[in-house]
Amino acid sequence: WVTIVGCCNEFPRFVYGSPSTSATYLTCPSWDATACNAEEMHRAAQALVRAAATGPVLCHCASGKGRSVCVMMVALIIKGECDSLEEAQAAILAKRKVSAVLTNPLMSYHLRAWDNDWRHKKKA
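Scoring rules and cut-offs
- Residues numbered from 1 in each chain as written.
- Predicted model: local features only at pLDDT ≥ 70, side-chain atom pairs only at ≥ 80, totals over all residues.
- Heavy atoms only, no water.
- Helix = DSSP H or I, 4+ residues; strand = E, 2+ residues; numbered from the N terminus.
- Expected span 1.5 Å × (residues − 1).
- Buried < 20%, exposed > 50% of the residue type's maximum accessible area, 1.4 Å probe, protein only.
- Contact = heavy atoms within 4.5 Å.
- Polar contact = N/O pair within 3.5 Å; in protein donor to acceptor, adjacent residues only side chain to side chain.
- Disulfide = S-S within 2.5 Å.
- pLDDT = per-residue confidence, 0-100.
- Axes fitted to C-alpha atoms, helices over the stretch in contact; angles between N-to-C directions.
- Parallel < 35°, antiparallel > 145°, perpendicular 65-115°, else oblique.
- Left-handed = near helix turned anticlockwise from the far one by under 90°.
- Nonpolar A, V, L, I, M, F, W, Y, C, P; charged D, E, K, R; others polar.
- Phe/Tyr/Trp six-rings, centres within 6.5 Å; stacked < 30°, edge-to-face > 60°.

## Here's the deal with helix H1 (residues 38–52)
Moving on, step 1. Here H1 contains 15 residues, and its C-alpha end-to-end distance of 21 Å stays within 8% of the 21 Å for a straight helix at 1.5 Å per residue.
Moving on, step 2. Taken together, the buried positions of H1 are occupied by Ala38, Met41, Ala44, Ala45, Ala47, Leu48 and Ala51.
Moving on, step 3. On its buried face, H1 is in contact with strand E1 (3–6), strand E2 (24–27), strand E3 (57–60), helix H2 (67–79) and helix H4 (105–123).
Moving on, step 4. Between the side-chain oxygen of the N-cap and the backbone nitrogen of Glu39 there are 3.0 Å, and the N-cap of H1 in question is Asn37.

Given below as C-alpha cells:
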C-alpha cells in the first residue's frame with residue numbers, strides 16, 4: 001500500500017511488515033462505536049483519494065464495518081464514483097464480504113454533517 005489510514009485507537013500506529021516499507025500511515029483515530037468528525041473524515045478521505053492515484057491504499061478500523069466504511073463512503077463521493085451516501089454504502093456492500101455496514105447514530109450524524117457541508121460547498 002502507498003497509504004494506510006487507520007480509523008481506530010485499538011491498534012498501534014505503525015505500518016506492519018518490513019521496516020523498509022515506504023507506506024504513509026495517517027490516522028483518523030476514534031474508539032469503537034464512535035466516529036471521526038466530519039472534518040477528520042474529509043481529511044482522511046482526501047488523503048486516500050490522492051494516494052489512490054499512485055497506488056493501492058488501505059483504510060481500516062478494528063472490524064471494518066463502521067469507522068473505516070464512513071471514511072471510504074466520503075472518499076467515493078469526493079472521487080466522483082458515487083453521488084450520495086446511500087450510493088456509496090451500496091457500492092461498498094457490493095464489493096465487501098460483510099453482511100452490513102454498521103453505522104451507529106453518531107457515525108450517521110457526522111456523515112450527514114459532512115454531506116451537508118460538501119453539497120453546500122459544491123453549490124458555491
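## So, the state of the cysteines
Moving on, step 1. Throughout the structure, instances matching the rule amount to one disulfide.
Moving on, step 2. Across the disulfide, Cys28 is cross-linked to Cys36 (sulfur-sulfur distance 2.3 Å). Across the pair, exposure class does not vary: Cys28 and Cys36 are buried alike.
Moving on, step 3. Of all cysteine sulfurs, the one in Cys61 lies closest to Cys8, which takes part in no disulfide; the gap is 6.5 Å.
Moving on, step 4. Left without a disulfide partner, Cys61 is nearest to the cysteine sulfur of Cys7, which lies 6.4 Å away.
Moving on, step 5. Classification of Cys61 as buried rests on a relative accessible area of 8%.

## Here's the deal with the confidence of the model for the chain
Moving on, step 1. Looking at the chain as a whole, its pLDDT mean stands at 85, while 90% of the residues score no less than 70.
Moving on, step 2. For the chain, per-element mean pLDDT is lowest for E2, which scores 82, and highest for H2, which scores 94.

## As for the packing of H2 against H4
Two packed helices can be described by the angle between their axes and the distance between those axes.
Moving on, step 1. In contact at an axis separation of 11 Å, H2 and H4 are set at 15° when each is read in the N-to-C sense. What the angle tells us is that H2 and H4 run roughly parallel. Once H2 is placed against H4, the crossing between them reads as right-handed. Taken together, the residues of H4 that come into contact with H2 (itself represented by Arg67, Cys70, Met73, Val74, Ile77 and Ile78) are Met107, Leu111, Trp114 and Trp118.
Moving on, step 2. The class makeup of the residues in the contact of H2 with H4 is nine nonpolar, no polar and one charged.

## A closer look at the side chain of His60
Moving on, step 1. Within the secondary structure layout, His60 lies in strand E3.
Moving on, step 2. Its relative accessible area of 16% is what places His60 among the buried residues.
Moving on, step 3. Side-chain polar atoms of His60 contact the side chain of Tyr25, separated by 3.1 Å.
Moving on, step 4. Leave out the neighbours within four places in its chain, and His60 touches Ile4, Val5, Gly6, Cys7, Cys8, Phe11, Tyr25 and Ser68.

## Structural notes on the packing of aromatic side chains
Moving on, step 1. Using the criterion set out here, one finds one aromatic pair in the structure.
Moving on, step 2. Note on Trp114 and Trp118: the rings are 5.3 Å apart at their centroids and 20° apart in plane angle, and the pair reads as stacked. Taken together, the residues span about one helical turn, with Trp114 and Trp118 both in helix H4 at a distance of four residues. Each of the two residues, Trp114 as well as Trp118, counts as buried.

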